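Chain and residue survey
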Amino acid sequence: QVQLVESGGGLVQAGDSLSLSCAVSGRTFSTFTMAWFRRTPGEERKFIAAISWGSGNTHYADSVKGRFTISRDNAKNTVYLQMNRLKPEDTDVYYCFAGFDFGANTYYSGTYDYWGQGTQVTVSS
């Protein structure tokens, strides 16, 4: 059984940084494409970033390019999201996703097979 557990969320002020982590268990982590999405209750999940399993290629949403960085440590079965220069509009619940595709469908949460419970990120102005 694959499990994803996010951590690192919290309350920060605008301009601050946060680092999210997602620990994966139950299957060989290195074969997964990993991604981060965000979701406000009642709305669709929004793509933030993804990283491929092999080459470590990355995709980012335009809204976070230059501020957020996705990375992975296959030895620790963990994917990270470093978030810098946070804005109040970044406030949301952030979810980690795992799947097997890295291409045009990377931006859609339905592409992925597993996800975590989410971690709250709140940015005050």
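Residues numbered from 1 in each chain as written. Predicted model: local features only at pLDDT ≥ 70, side-chain atom pairs only at ≥ 80, totals over all residues. Heavy atoms only, no water.

With respect to topology, four strands assemble into an open sheet ordered E1-E3-E8-E7, the strand pairing being antiparallel. Both edges of this open sheet fall to strand E1 (3-7) and strand E7 (68-73), since each of them pairs with a single strand only. Each strand of the sheet is rotated relative to its neighbour by a mean of 15°, with strand direction disregarded. With five bridges joining them, E1 and strand E3 (residues 18-25) adopt antiparallel strand pairing. Bridging across to E3, Ser7 finds its partner in Ser21. (Pairing = 2+ DSSP bridges. Helix = DSSP H or I, 4+ residues; strand = E, 2+ residues; numbered from the N terminus. Axes fitted to C-alpha atoms, helices over the stretch in contact; angles between N-to-C directions.)

Here the protein shows a mean pLDDT of 94. Residues at 70 or above account for 100%. Element-level mean pLDDT values for the protein span from 95 in strand E6 (residues 58-60) up to 98 in strand E2 (residues 10-13). (pLDDT = per-residue confidence, 0-100.)

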